[in-house]
Amino acid sequence: MQSVVATRPDPHRYSQRDLKGFKQLFHRFLQVKGPSVDWAKINRPPEDSIQPYERIRSRALPEGVASSLNKLAVVKLNGGLGTSMGCKGPKSLISVRSENTFLDLTVQQIEHLNKTYNADVPLVLMNSFNTDEDTKKILQKYTHHRVKIYTFNQSRYPRINKESLLPVATSMGLTGENSEAWYPPGHGDIYASFHNSGLLEQLLAQGKEYIFVSNIDNLGATVDLHILNHLVSQPAETRCEFVMEVTDKTRADVKGGTLIEYEGKLRLLEIAQVPKAHVDEFKSVTKFKIFNTNNLWISLPAIKRLHKQNAMDLEIIVNPKTLNGGLNVIQLETAVGAAIKSFDNALGINVPRSRFLPVKTSSDLLLVMSNLYRLEAGSLTMSEKREFPTTPHVKLGSSFTKVQDFLRRFESIPDMLELDHLTVSGDVTFGKQVALKGTVIIIANHGDRIDIPAGAMLENKIVSGNLRILDH
């Protein structure tokens, strides 16, 4: 690997830092034998280690909530590309609502907070080498917004040949044969790269005490004043250094990481760490009732202390991949939430489902673009016109996977206020002002096409075969 770094005429300091970080991770990977957890030692977390959000919310906010906000910075994980939704460039630049991108909505939310409370909450973006350049170009448009924006880059590590365990990179370049040789090593890298960037010290010098970390594609992850107040109002000696927001698991969330008690500590258990024989048990909604939303509140002085002591022991997630040429590789990753066991007085807070609104697919996109939600100051909230607070189950077929195909198939987004379940498969298009209610299943068989006419109201209907509305 040292020879790869040497192929740069002037290896950047960050390359040396990345090399050091990768070496440490790789050596740990070689030393770990067998599963990282002993299933027999897993216990449910103690009652008081996961608090219901209602209890946190029941306390009145103090007058000086602005001074609490001034102790906070918001960190968004912005390392991912939009490839799974058929888009080039950073995922955060995809339009999700009224021409606003994920990044636009984030800036609007924080600017609204700063204006409302006359506060100074900065936005920090953790970019990857995949997203940094495009993100920085777009940041110029926010120059006159009332929010300071900082960026730093997570590390860049080499993918490893699964058989030889050697890096597949032949140089430090990111193009040509090396375009698939590198990867950002998961969001657990935030602690080291944040520290190494100098931003941690900078924020501490500004009087910041906590960061609120979340995925940029989770539209429910807004700053919650009640959680913030809970953190800053505690006495220093018992102050909680790490809060993980969890929410009740449904059948759709069976793969999400969960909180357990392990060897006397609160710990995050990810599906990748579960021995094969126990995967079904892990997925069960009865034993593991909650999952990690990846909305995290973390103490900045604690990050500094643990980094200095080299005391963050994050479990390694081995992620197997197949490159375009068919080569099997592995990439070693860590998860930001896995550090919970290293912090003092760590706590889970069981929050409402509304704080977990990720947009991973076009099915999710349909929900957030619809009249189920209203948009106010960058935040999406469920419309009062919907009688039940639950979100409909939406499953769009492969014809809708890419955002541009999805948009082409809807002349306008249907009225979904009374929808429970929607399944769409095959070559289907929707006219303007369609209303969907109850359970609607639309299946166009191979070679057929279904055009749902403008103004149609489908309630508890199955539409199949061929339905084409032709102009004459």
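Quick caveat: nothing in here was measured; it's all calculated off a predicted structure.

Calculation notes
Residues numbered from 1 in each chain as written. Predicted model: local features only at pLDDT ≥ 70, side-chain atom pairs only at ≥ 80, totals over all residues. Heavy atoms only, no water. Helix = DSSP H or I, 4+ residues; strand = E, 2+ residues; numbered from the N terminus. Rg over C-alpha atoms; globule rule 2.2 N^0.38 Å. Contact = heavy atoms within 4.5 Å. UniProt positions renumbered as here; feature names shortened; annotations may be inferred. Phe/Tyr/Trp six-rings, centres within 6.5 Å; stacked < 30°, edge-to-face > 60°. Buried < 20%, exposed > 50% of the residue type's maximum accessible area, 1.4 Å probe, protein only. Polar contact = N/O pair within 3.5 Å; in protein donor to acceptor, adjacent residues only side chain to side chain. Pairing = 2+ DSSP bridges. Axes fitted to C-alpha atoms, helices over the stretch in contact; angles between N-to-C directions. Lys, Arg positive; Asp, Glu negative; His and termini not counted. Salt bridge = Lys/Arg side-chain N within 4 Å of Asp/Glu carboxyl O. Right-handed = clockwise from strand over helix to strand, strands pointing away.

### Quick look at the overall build of the chain
Then, number 1: When helices and strands are counted, the chain shows 13 helices and 26 strands.
Then, number 2: Relative to its length of 472 residues, the chain is compact, with a C-alpha radius of gyration of 23 Å against a globular reference of 23 Å.
Then, number 3: C-alpha extents for the chain along the principal axes are approximately 75 × 60 × 55 Å.
Then, number 4: Long-range pairs, those at least 24 residues apart, make up 69% of the contacts in the chain between residues at least 6 apart in sequence.

### Points about the UniProt feature "binding site: UTP" (unreviewed entry) in the chain
Then, number 1: As recorded in UniProt, the sites labelled "binding site: UTP" (unreviewed entry) are Lys-91, Gln-154, Gly-186, Asp-217 and Lys-360.
Then, number 2: Here Gln-154 lies in the loop between β7 (149-153) and β8 (157-158).
Then, number 3: Considering the arrangement of structural elements, one finds Gly-186 in the loop between β10 (182-183) and α7 (190-196).

### Notes on the packing of aromatic side chains
Each pair of aromatic rings is reported with the distance of its centres and the angle of its planes.
Then, number 1: Here the structure, examined in full by the defined rule, presents 14 aromatic pairs.
Then, number 2: Ring geometry for Tyr-191 versus Phe-343: centroids 6.3 Å apart, planes at 45°, classification tilted. One end of the pair, Tyr-191, is in helix α7; the other, Phe-343, is in the loop between β17 (328-333) and β18 (347-350), and 152 residues separate them in sequence.
Then, number 3: Take Tyr-191: its relative accessible area is 4%, and that puts it in the buried class.

### Some points on helix α9 (residues 225-232)
Then, number 1: Counting buried positions along α9 yields 8 of 8 residues, so the element is predominantly enclosed.
Then, number 2: All of the buried residues in α9 are Leu-225, His-226, Ile-227, Leu-228, Asn-229, His-230, Leu-231 and Val-232.
Then, number 3: N-cap assignment for α9: the residue whose side-chain oxygen lies 2.9 Å from the backbone N of His-226 is Asp-224.

### Some words on the environment of Leu-366
Then, number 1: Positionally, Leu-366 belongs in helix α12 (residues 362-369).
Then, number 2: Taking the C-alpha atoms as reference, Leu-366 lies 9.7 Å from Arg-97; in sequence the two are 269 residues apart.
Then, number 3: Contacts of Leu-366, omitting those with residues within four sequence positions, involve Val-394, Leu-396, Phe-406, Phe-410, Ile-413, Pro-414, Met-416 and Leu-422.

### Structural notes on the sheet that holds strand β15 (residues 290-299)
Then, number 1: Taken in spatial order, the 8 strands of this open sheet run β2-β18-β12-β15-β11-β3-β6-β7, and their pairing is mixed. The strands lining the two open edges of the sheet, one partner per strand, are β2 (50-52) and β7. If you compare each strand with its neighbour and ignore which way they point, the axes differ by 25° on average.
Then, number 2: Bridge count between β2 and β18: 3 bridges; the pairing is parallel. Residue pairing across strands places Gln-51 opposite Ile-349, the latter belonging to β18.

### Comments concerning the side chain of Lys-249
Then, number 1: Among the secondary structure elements, Lys-249 is positioned in the loop between β12 (242-248) and β13 (258-262).
Then, number 2: Nearest to the buried, unbridged Lys-249 among oppositely charged side chains is Asp-253, at 8.2 Å.

### Concerning the sheet that holds β17
Then, number 1: Taken together, the 3 strands give an open sheet; going across it, the order is β9-β17-β16, and neighbouring strands pair in antiparallel fashion. Where the open sheet ends on each side, the last strands, each with one partner, are β9 (160-161) and β16 (317-322).
Then, number 2: The pairing of β9 with β17 spans 2 bridges and is antiparallel. Bridging from a neighbouring strand, Asn-161 pairs with Val-329 of β17.

### Observations concerning the pattern of salt bridges
Then, number 1: In total, this model carries 24 salt bridges according to the counting rule given.
Then, number 2: Notably, a salt bridge pairs Asp-217 with Lys-91, separated by 2.8 Å at the nearest N-O pair. A residue pair is termed long-range when its members are at least 10 positions apart, and Asp-217 in the loop between β11 (210-215) and α9 and Lys-91 in the loop between β3 (72-78) and β4 (95-97) qualify at 126 residues. Residues Asp-217 and Lys-91 agree in their burial class; the two are buried.
Then, number 3: Measuring nitrogen to oxygen at the nearest pair gives 2.3 Å for the salt bridge that ties Lys-341 to Glu-315. With Lys-341 in the loop between β17 and β18 and Glu-315 in the loop between α11 (300-308) and β16, this residue pair connects regions lying 26 residues apart in the sequence.
Then, number 4: Taken together, the shared-partner salt bridges connect Arg-28, Arg-267, Asp-313, Glu-315 and Lys-341 into one network.

### Looking at unusual backbone geometry
Then, number 1: Unlike most non-glycine residues, Asn-294 shows phi in positive territory, near 65°.
Then, number 2: Even without a glycine there, the phi angle at Asn-460 is positive, about 50°.
Then, number 3: Following the sequence through the fold, Asn-460 ends up in strand β26 (residues 457-465).

### A few points about the UniProt feature "binding site: substrate" (unreviewed entry) in the chain
Then, number 1: The UniProt record annotates "binding site: substrate" (unreviewed entry) at His-187.
Then, number 2: Residue placement: His-187 occurs in the loop between β10 and α7.
Then, number 3: The partly exposed category is assigned to His-187, whose relative accessible area is 25%.
Then, number 4: Contacts of His-187, omitting those with residues within four sequence positions, involve Leu-77, Met-126, Asn-215, Asn-294, Thr-334, Ala-335 and Val-336.

### Some words on the pairing of β12
Then, number 1: Burial within β12 is extensive, with 6 of its 7 residues counted as buried.
Then, number 2: Bridge count between β12 and β15: 7 bridges; the pairing is antiparallel. In the strand pairing of β15, Val-246 is matched with Asn-292.
Then, number 3: For β12 and β18, the ladder comprises 4 bridges, and the chain directions are parallel. Paired with Met-244 across the two strands is Gly-348, which belongs to β18.

### What about the pairing of β7?
Then, number 1: On β7, burial follows the alternation: Tyr-150 and Phe-152 on one face are buried, whereas Ile-149, Thr-151 and Asn-153 on the facing-out side are not.
Then, number 2: Inspection of the sheet shows strand β6 (residues 123-127) paired to β7 by 5 bridges, in the parallel sense. Within β7, the residue paired with Leu-123 across the bridge is Ile-149.
Then, number 3: Remark: the β6/helix α6 (residues 132-139)/β7 crossover connection has right-handed handedness.

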